[in-house]
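# Remarks on the overall topology
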Amino acid sequence: MDFYYGMAQLIGVHTLLGLSAYVVLLTGQVSMAQAGFFAIGAYLGGMLTVLSDWHIVPAMLLAAVATALVAAIVGFPALRVKGLMLVVATLAFGEAVRLFWFNFDYQVAKGDIQVGPLGGEGFKQIRFFPENGWTTGEVALFIWFWVVLVMLALWWMDRSRAGAVLRAVGEDELAAQSVGINLTSVKVAAMGAGGFIAGLGGAIYAHYTTHIEHSNFGVVLATFAIAYPILGGLSNVLGTLIAVIFIQGVLVEALRFLGDWRNLLFGALIVLAMNVRPDGLFDARVTRLLKRLLGFKADA
Amino acid sequence: MEDFWWNVLDTAQSILDGLMFGSIYALIGIGFTLIFGVMHKINLAYAAASIGGAYASLVVYVHLDAPALLVFLSAALASGLIGFLVYLCCFRFIPTERPLATLMSSVGMLIFIDEVVVHVTAGFPEPYPAIFDDVMLVIGPFWIRGDLLLIFGLSIVAMLVLLYVLYRTQLGIATRAVAQQPVAAQLCGISRETTNGLTFVISGMLGGLAGAMIGASVGVLSPLLALPLTVKGLIVTVIGGLGSIPGAIVAGLLVGAFENVFQFFRGVTERDMYVMLLLFFFLVVRPQGIFGRVSTRD
Amino acid sequence: MRHGILKPDIQLGGDIMHRVMTALGVTALALSMATVAAAEDRTVKIAGFGAKSGVVRSFGINTEAVMQAAAEQINANGGVKLADGSVGMIEVTFDDDRCNAEEGISVIRRIASTDAIVGVGPTCSNVAEPLFGILQGSVDDAGDSGLQFPIFTDTAIKGGLAKISDWAFRNVPNESEMYRSLFEWLQSEHPDAKTVYGGVEEDFAHSRFTWYNVMKPRSDEAGYEVKGESKWLLNDTNFTTQVREMRRAEADIIAISAHPFTTCGVLKEMARQRVKPMILVGLTSSSSLETLNGCAEQAEGIIIPTSFAPVTDAAQAAADAAAAKGGSADLHSAAAWEIMMTLKDVIENAGVMAKPDTVEADRRAIRDGLAALNEAEGLLGKIQRTDEGEAIKPYVFVFADEGAWKVLHDPGS
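Residues numbered from 1 in each chain as written. Chains lettered and ligands numbered in written order. Predicted model: local features only at pLDDT ≥ 70, side-chain atom pairs only at ≥ 80, totals over all residues. Heavy atoms only, no water.

What follows concerns the overall build of chain C. Per the secondary structure count, chain C includes 12 helices and 16 strands. Expressed as a percentage of contacts within chain C between residues at least 6 apart in sequence, the contacts between residues at least 24 apart total 71%. As presented, chain C carries roughly 15,900 Å² of accessible surface, and 52% of it is formed by carbon and sulfur atoms. (Helix = DSSP H or I, 4+ residues; strand = E, 2+ residues; numbered from the N terminus. Contact = heavy atoms within 4.5 Å. Areas by Shrake-Rupley, 256 points an atom, 1.4 Å probe, with all protein chains shown as cover.)

Here the focus is the confidence of the model for chain C. Residues and elements named next belong to chain C. Of the residues in chain C, 90% reach a pLDDT of 70 or more, and the chain-wide mean stands at 88. Throughout residues 1-10 the model reports pLDDT below 50, and contacts reaching past four residues in sequence, or to other chains, amount to six contacts. In the predicted complex, the global pTM is 0.88; the interface-specific ipTM is 0.88. (pLDDT = per-residue confidence, 0-100.)

Here we come to the environment of C:I253. All names here are of chain C. Residue position: I253 is located in strand β9 (residues 253-257). The exposure class of I253 is buried, given its relative accessible area of 0%. The sequence separation of I253 and V196 amounts to 57 residues, and the corresponding C-alpha distance is 4.7 Å. Apart from the residues lying within four places of it in its own chain, the contact partners of I253 are L186, A193, T195, V196, Y197, Y224, I279 and V281. (Buried < 20%, exposed > 50% of the residue type's maximum accessible area, 1.4 Å probe, protein only.)

Residues and elements named next belong to chain C. Spatially, three strands are ordered β12-β13-β14 in an open sheet, and the strand pairing comes out antiparallel. Edge strands, defined here as strands with exactly one partner in the open sheet, are β12 (375-377) and β14 (391-392). By the bridge criterion, three bridges tie β12 to strand β13 (residues 382-385) in an arrangement that is antiparallel. Each bridged residue has a counterpart across the sheet, and for E375 the counterpart in β13 is Q384. (Pairing = 2+ DSSP bridges.)

Further remarks concern the packing of helix α10 (residues 219-232) of chain A against helix α11 (residues 237-253) of chain A. All names here are of chain A. One can describe the packing of α10 onto α11 by two numbers: an axis separation of 7 Å at closest approach and a directional angle of 115°. Along this stretch, α10 crosses α11, giving a crossing that reads as right-handed. In this structure, α10 contributes F224, A227, Y228, P229, L231 and G232 to the contact, and α11 contributes G239, T240, A243, V244, F246, I247 and Q248. (Axes fitted to C-alpha atoms, helices over the stretch in contact; angles between N-to-C directions. Left-handed = near helix turned anticlockwise from the far one by under 90°.)

This next bit is on a nonpolar patch on the surface. A surface patch of nonpolar side chains, amounting to about 400 Å² of accessible area, comprises B:F132, B:V135, B:L137, B:I139 and B:L149. With relative accessibility at 31%, the residue B:V135 sits in the partly exposed group. (Patch = residues over 30% accessible without salt bridge, like charges linked within 9 Å, V, L, I, M, F, W, Y side chains within 5 Å. Salt bridge = Lys/Arg side-chain N within 4 Å of Asp/Glu carboxyl O.)

This part takes up unusual backbone geometry. At the junction of C:G121 and C:P122, the peptide bond is cis and its omega measures out at -10° in the coordinates. As for its position among the elements, C:P122 is in the loop between β4 (118-120) and α4 (125-134). The phi dihedral of A:Q125 falls on the positive side, at around 60°, and the residue is not glycine. Its location among the elements puts A:Q125 in the loop between β2 (113-115) and α5 (128-131).

On to the nonpolar core. One finds B:Y128 and C:M270 to be the most contacted residues of the largest nonpolar core, which totals 215 residues. Top contributing element to this core by residue count: helix α1 (residues 2-39) of chain B, with 14 residues. When neighbours within four sequence positions are excluded, B:Y128 is seen to be in contact with B:A54, B:S57, B:L58, B:V71, B:F72, B:A75, B:A212, B:G215, B:A216, B:G219, B:V220 and B:L221. (Core = buried A, V, L, I, M, F, W, Y, C linked by side-chain atoms within 4.5 Å.)

Turning our attention to the packing of helix α7 (residues 161-171) of chain A against helix α9 (residues 183-209) of chain A. Packed helix pairs are specified by the crossing angle of their axes together with the interaxial distance, meaning the distance between the axes. Residues and elements named next belong to chain A. Closest axis-to-axis distance for the α7/α9 pair is 10 Å, and the angle between their directions is 105°. In terms of orientation, α7 lies roughly perpendicular with respect to α9. The segment α7 lies against α9, with V165, L166 and V169 engaging L183, V186, K187 and A190. Residues of the contact of α7 with α9, tallied by class, amount to six nonpolar, no polar and one charged. (Parallel < 35°, antiparallel > 145°, perpendicular 65-115°, else oblique. Nonpolar A, V, L, I, M, F, W, Y, C, P; charged D, E, K, R; others polar.)

With that settled, the discussion passes to the sheet that holds strand β2 (residues 80-81) of chain C. Residue and element names in this part refer to chain C. Taken in spatial order, the six strands line up as β2-β3-β1-β4-β5-β6 in an open sheet, and their pairing is mixed. Here the strands that pair on one side only, and so sit at the sheet edges, are β2 and β6 (168-170). With three bridges joining them, strand β5 (residues 151-153) and β6 adopt parallel strand pairing. For I151, the partnering residue across the bridge sits in β6 and is A168. Those strands touched by α4 are β1 (43-50), β5 and β6, and its axis lies near 160° from that of β5.

The next thing to look at is helix α5 (residues 175-189) of chain C. Residues and elements named next belong to chain C. In this model α5 runs 20 Å from its N-terminal to its C-terminal C-alpha over 15 residues, within 8% of the 21 Å that 1.5 Å per residue would give. Along α5, the residues that are buried comprise E175, M178, Y179, S181, L182, F183, W185 and L186. The opening residue of α5, the one whose side-chain oxygen lies 3.1 Å from the backbone nitrogen of S176, is N174. (Expected span 1.5 Å × (residues − 1). Polar contact = N/O pair within 3.5 Å; in protein donor to acceptor, adjacent residues only side chain to side chain.)

As structure tokens, this is what we get:
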């Protein structure tokens, strides 16, 4: 049972990572910086619980807010850069953040040992969960509480005007501007929201792995972050969740019995998926189907 | 005073070393920019395909004991082939209006190529042949690596050959036509698919040469090379201007030189942060890159 | 054909025959039932896990090969004796954690949900640290909800990890001790060498730790003047600046704390810039086939302390067994062999039942058995086990000679 709770935890955290990229992707910006924001959330959240003895909830919320601020600040220069140049710029920013933590030392003595981030050696002993007796199941529930909250918030936003505005910017910026949408505020807000979600996810990540280091937050994680919403499809938050389950649950875990072939299939299946369903696993058609099944009025 | 003089010399030496290394970055940048120019897509599997081609050329090196130049050539050919494979798997069948899908599928291809390399070599560093790798030209206080000079020279030759192909051959005209006006080009009877495929082959060959050059300059090939090369190549492409070949050349040399200078002054742990800052500087001051044109509505 | 007991002609003879036959039949039946009882599934499942992807793929391959070879040998020699006198056969599984912390945690949770009673791994220190972190810290701490599963590590070598949890044990060499001994021996062997300069891979936890916390202080304590160090990153390709610094430092000994890829890159650059120190010292992990595969010529003469070399009969036998299974024995995978042999002893002494309903008790028994160990049998000699769950292993100094690792000096002799 522990194994399934552990998988639930992992899928939850990665869904938050994916959703942080999703909300930014809605505005047409491909952000490879989400792993960097994830890292900020992780280090800040960890520092607050380990060095300042905070409870995890205020720690992760503060970490998320701080990350959102950083993301919003990044949002401004990102406005000047369009399309695929933004991919590179955000990739570079994410790497810059990782390198910042690589160079960051802040140790405090607790009893007779030093705790805190130590540059290349990482940040160890982030043991809020085990020290406070949280079982694997309780942690999984805790994580999913936040995941569901974020998903509901995004779903609700999508059904409201805000969602339409975001998607309008994503579809055609010039047209959106011509109907009076302020591009700057929309894009920066989306970046900020993405940063908040990534910060939340990162703070949780630090606590359920108990040890983080800069190399965890590199290009590979940044790629996973955008892979989830792209593979899942942008029409619906559920797409990202399905994609996380597909990648982490199926490709990584369930295919273990294939031994060495698993790693080869990983890349190959992604190529196949994108060729077969270029709009993602959960594209507009599936969303309409789902809506009809659930009894919502089918929109145009 | 003595210290200051040493510093100046060292800085100059760093710039020199960096410039020569930068020629490799320039090759990778050209490859990225070529694909972008023609298809307006990024092929994230490019650097991995380049390294993959270099690995493939090891077969010629190990089993046929071929001379270094032949190994480099076979690396280029192998990468051209892999490039075509990447085109088929990631770009040919996905509709052009889906840039995200092609991006993601090229990521999948990158992972796949990396895994194949790891499986075949068990992750071991593999020795790679070099020319003049024991030659060190000492000119005054400066030490210039003979092999890097050759690599620099080979890269220049490759770039010149590419420019010749692009501006003096039918294929080149077709490529540029498809890049500028895909619909009009098709109306003139130029097959978009064939041109795109051939572009991937050409850029693949350039990449293969770059992969071989990296192998030659380090002395060993390792799967570790693919990802950093991808990041650097993309940075070079953006600084140079997406779609501009002269831009990629200049930017490659620039990044190579600056990287080494940053490392000399601030050490290796902060070096890459400064390279990122260089990129941001360009994005703020000149977002279209050194030679790119200011883009209008898409 | 008529079944049943033979009915000979003579009545009396037939009677005796009848009884003998019955007796024989009953005995045969009883024996066969006993065999069936003994053949009831009492497999001792040992779960290996490590990196079979990326640049560290060879580590996983080697550990798996060694574990299989060791299990085969143990089973061929009669398996393990279980608490109730019956015999158990060892079964080894191996999972790939891809040198990724989250995946390592998933793998160990998955293993813990099976009836495996002990885990062997991981390969990477950046997996070991988080992994040990999710284990129960102090045994019998009811408030600690960490996983209760014993892990015995063969490869992850970054200093000081086993003390993170009472359930974590390691059979990795103590680098501090080995390098102390190496530098002291070098002082006596080469009294004209006075200075040391380092080269360090900064962004990899193990290599960074080993230069700053082991090589540098130990060489200083041995009486050398440490002139400084040059730094690079794990996947760097250009070492001209660093080797220039080395050239200027003109140190007698150059100690490189890096893994095979960059070690080879630096050594080749040193050859180019004509940097030839008196003595070259390397990182423990680089005393493997990888380095020789990449740059045997340039690595000629490099001295590395290692906890495995085929210098004893047992070591040679282990190396051969590993090779037969498609892997190679080096200081990391040979540790896995020693772990398997140690586990056999611990299992036999700890009262393990290896039944589906005794899994938790078995795991606890193995943990307690490992914690109580003061000494274990190693391939190079006796291994001392510390209170923290670490090992103090015998070691030798090897050097690269004509494309192979040869023993330079055995401090234990």
